[in-house]
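# Residue-level structural notes
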Protein chains: 2
Amino acid sequence: MDPRVGAPRAASFRLPHNGWLFDLDGTVYRGETPIPGAAETIAALRTAGRRVAFLSNKPLATRADYAAKLTRLGIPTVADDVISSSLVLARHLRRLDAGAPVFVIGEPPLVAELSAHGFEARTDARVRWVVIAFDRTFDYAKLNTALQAVRGGARLIATNPDRTCPTETGEIPDCAGMIAAVEAVTGVPVEVIVGKPSPLMLEMALERLGLPARECAVVGDRIETDVVMGKRLGLATVLVLSGVTRADDPRIAEVAPDAVLGSIGELVQTI
Amino acid sequence: MDPRVGAPRAASFRLPHNGWLFDLDGTVYRGETPIPGAAETIAALRTAGRRVAFLSNKPLATRADYAAKLTRLGIPTVADDVISSSLVLARHLRRLDAGAPVFVIGEPPLVAELSAHGFEARTDARVRWVVIAFDRTFDYAKLNTALQAVRGGARLIATNPDRTCPTETGEIPDCAGMIAAVEAVTGVPVEVIVGKPSPLMLEMALERLGLPARECAVVGDRIETDVVMGKRLGLATVLVLSGVTRADDPRIAEVAPDAVLGSIGELVQTI
């Protein structure tokens, strides 16, 4: 019998791994535009029984928002398959100090994730942690509240280390600006940044996939976060050139991802 | 004839210097309260023909405001005797790039000083310098404007390096927070910080006094700015313990100011 008849067409992949973790911005989409081939590649992986989850350092939307966006772009996704820096922070902080009063330099989706994990957002002397995130409403009053909280004994934790965030109209300041301001005025360093390239985010993503690191691959457009993080924990790493990294970047040879592709669409080989 | 009759009483000083530079906050006053003996000491120096000027890293008021405050506290002062970080920045930038379009992270008194020195404050792509100062209206939009300006080629200059500013109700975030945020998101370091301990501020103050460094003394409450700066340029240095430095600070022995006094009041010796 002709194998092309009556069954989904088999796909061939550049890597044999069972678990696949995809960065979002610059890898699966850019702004509101899907990267060509993203939906087909992820559908083919799922059809072939591979497990897929998504990673984002950006704490500006809820996991449900990310899932809805992916679904809208042709990649049906549930919120639990999205591992955001907000989720990783909330879970990690719950292990460190469950139920602690926190002051949040961040936007409402992060506050909601923290609340869902049992944390109460406050601004007074009882604050035990200052949570620092990418926050487009960051201002002097928040910086001052953070300073007073640290003087009262509060500790510092942050979502992501990115300097800037690409948007369709250019790069805008990201969490590194908020972290640096707080560290500078308090003289106290942030204890942990949970987002990529922290292993914390990858560990939670592997837990979601239910697979060991050696059976998984991570696909992303940033060498210093996606690729470095994957290599540290022993995943296969795929750098895509559809985002911030250029083909002539000298770090590609240094860091040596397992594969360098033009985009996610090239993960599935034409049969 | 009795020397105590018919002539101002002669004063004796702990140091014989002809020029005297005084820090303001923590040295001459704390908030709205003069340090005991400040007015008498400065009056005695002036009566004895010594020259006096005042230094402030704080760009939140105009020099006229500082002069009015000193006058109100019993120390009659003209604006030209106040050397502020705003003034030093405006003068230094005029030497570097006269008339350049600037974007200002700062409050209205700084903008006014820059304007008085021929600089136009803008927010567009023509900006050649981002001026970073202690700014209680600092926010994400300003951070983003600074980022876009630097991407367009603008350079960075700042008023003062202080982490925090003491107030009557506690310390609040100072210019170091704004500097760190801009450096972190742009990846570009500030080229020059003109305020204490920069020699730029001291050079302009000596110019105002019209005296060489060896004939002058600087009096302040901060080791890392007032004393360090004075020592670098060869002035006599007097640390007063009426501000942020405690008598048991180990840096006092390391940095070795020429005199350590409880307060400005002890500069004049009882006869």
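### Let's talk about the overall build of chain A
Helix and strand content of chain A: nine helices and 17 strands. For 271 residues, the compact-globule estimate of 2.2 N^0.38 gives 18 Å, and the C-alpha radius of gyration of chain A, at 20 Å, lies within 12% of that figure. Principal-axis analysis of the C-alpha atoms places the extent of chain A at approximately 75 × 40 × 35 Å. Here chain A holds 271 residues, and 48% of them are scored as buried. Considering only contacts in chain A between residues 6 or more positions apart, those separated by 24 or more positions represent 68%.

### Focus on helix H3 (residues 85–97) of chain B
All names here are of chain B. Over its 13 residues, H3 extends 18 Å from the first C-alpha to the last, a length consistent with the 18 Å expected when each residue adds 1.5 Å. Within the span of H3, buried status applies to Ser85, Ser86, Leu87, Val88, Leu89, Ala90 and Leu93. Where H3 ends, the next residue or the one after it, Gly99, has phi of about 75°, a positive value.

### Some details on the relation of the copies chain A and chain B
Laying chain A over chain B is done by rotating through 180° and shifting 0.0 Å along the axis; what remains is an RMSD of 0.0 Å. What the rotation and shift describe, once combined, is the action of a two-fold rotation axis. Residue A:Asp139 of chain A places its C-alpha closer to the rotation axis than any other residue of that unit, at 2.0 Å.

### Focus: the interface of chain A and chain B
Counting from both sides, the interface comprises 23 residues of chain A and, opposite them, 23 residues of chain B. Those elements that provide at least two residues to the side of chain A that touches chain B are helix H5 (140–151), strand E12 (170–173) and helix H6 (175–186) of chain A. Among the elements that take part in the side of chain A that touches chain B, H6(A) stands out by supplying eight residues, more than any other.

### Looking at the pairing of E12(A)
Residue and element names in this part refer to chain A. Sheet topology places strand E11 (residues 164–167) next to E12; four bridges connect them, and they run antiparallel. What sits directly across from Thr167, in E12, is Gly170. Where E11 hands over to E12, the hairpin turn is made up of two residues, counted between the paired strands.

### Let's talk about the domain arrangement of chain A
All names here are of chain A. Considered domain by domain, chain A is made up of domain 1 (12–57 + 196–269) and domain 2 (86–193). Put simply, the middle of domain 1 and the middle of domain 2, counted by C-alpha atoms, are 27 Å apart. At the interface, nine residues of domain 1 touch nine residues of domain 2. A class-by-class count of the residues in the side of domain 1 that touches domain 2 yields four nonpolar, four polar and one charged.

### A closer look at the pairing of strand E14 (residues 216–220) of chain B
All names here are of chain B. For E14, a buried count of five out of five residues is recorded, marking the element as mostly surrounded by other parts of the structure. Residues Cys216, Val218 and Gly220 point to one face of E14 and Ala217 and Val219 to the other, with burial holding for every one of them. As judged from the four bridges shared by strand E2 (residues 19–23) and E14, these two strands associate in the parallel manner. Among the inter-strand pairings, Gly19 is bridged to a residue of E14, identified as Cys216. Crossover handedness for the path E14 to helix H8 (residues 223–233) to strand E15 (residues 236–240): right-handed.

### Quick word on the packing of helix H3 (residues 85–97) of chain A against helix H7 (residues 199–209) of chain A
How two helices sit against one another is set out by the angle between their axes and by the gap between those axes. Residue and element names in this part refer to chain A. Axis separation between H3 and H7 bottoms out at 10 Å; the angle between their running directions is 95°. Taken as axis vectors, H3 and H7 run roughly perpendicular relative to one another. Contacts from Ser85, Val88, Arg91 and His92 of H3 reach H7 at Leu200, Met201 and Met204. Class assignment of the residues belonging to the contact of H3 with H7 gives a composition of four nonpolar, two polar and one charged.

### Some remarks on the nonpolar core
One broad rule of soluble globular proteins: the nonpolar side chains tend to lie buried together. Counting residues in hydrophobic clusters, the biggest one holds 159 residues, and the most contacted among them are A:Val130, A:Val131, A:Ile132, B:Val130, B:Val131 and B:Ile132. Ignoring any residue separated from it by four or fewer positions in sequence, one finds B:Val131 in contact with B:Leu89, B:Val102, B:Val104, B:Ile105, B:Gly106, B:Leu114 and B:Ile157.

### Things to note about the sheet that holds strand E8 (residues 120–121) of chain A
The pairing of strands in a sheet happens through backbone hydrogen bonds and is either parallel or antiparallel. All names here are of chain A. As summarised here, the arrangement of the five strands in space is E8-E7-E9-E10-E13, forming an open sheet in which the pairing is parallel. The sheet terminates laterally at E8 and strand E13 (192–193), the two strands that pair on one side only. Note: strand E7 (residues 101–105) against strand E9 (residues 129–132), four bridges, orientation parallel. Paired with Val102 across the two strands is Trp129, which belongs to E9. Of the strands in this sheet, E7 and E9 touch H5, which is tilted by about 150° from E7.

Reading guide: rules and limits
Residues numbered from 1 in each chain as written. Chains lettered and ligands numbered in written order. Predicted model: local features only at pLDDT ≥ 70, side-chain atom pairs only at ≥ 80, totals over all residues. Helix = DSSP H or I, 4+ residues; strand = E, 2+ residues; numbered from the N terminus. Rg over C-alpha atoms; globule rule 2.2 N^0.38 Å. Buried ≥ 20, exposed ≤ 12 C-beta atoms within 10 Å, placed from the backbone. Contact = placed C-beta atoms within 7 Å. Expected span 1.5 Å × (residues − 1). Least-squares fit on C-alpha atoms with pLDDT ≥ 70 in both. Pairing = 2+ DSSP bridges. Domains from an automatic or database assignment. Nonpolar A, V, L, I, M, F, W, Y, C, P; charged D, E, K, R; others polar. Right-handed = clockwise from strand over helix to strand, strands pointing away. Axes fitted to C-alpha atoms, helices over the stretch in contact; angles between N-to-C directions. Parallel < 35°, antiparallel > 145°, perpendicular 65-115°, else oblique. Core = buried A, V, L, I, M, F, W, Y, C linked by C-beta atoms within 7 Å.

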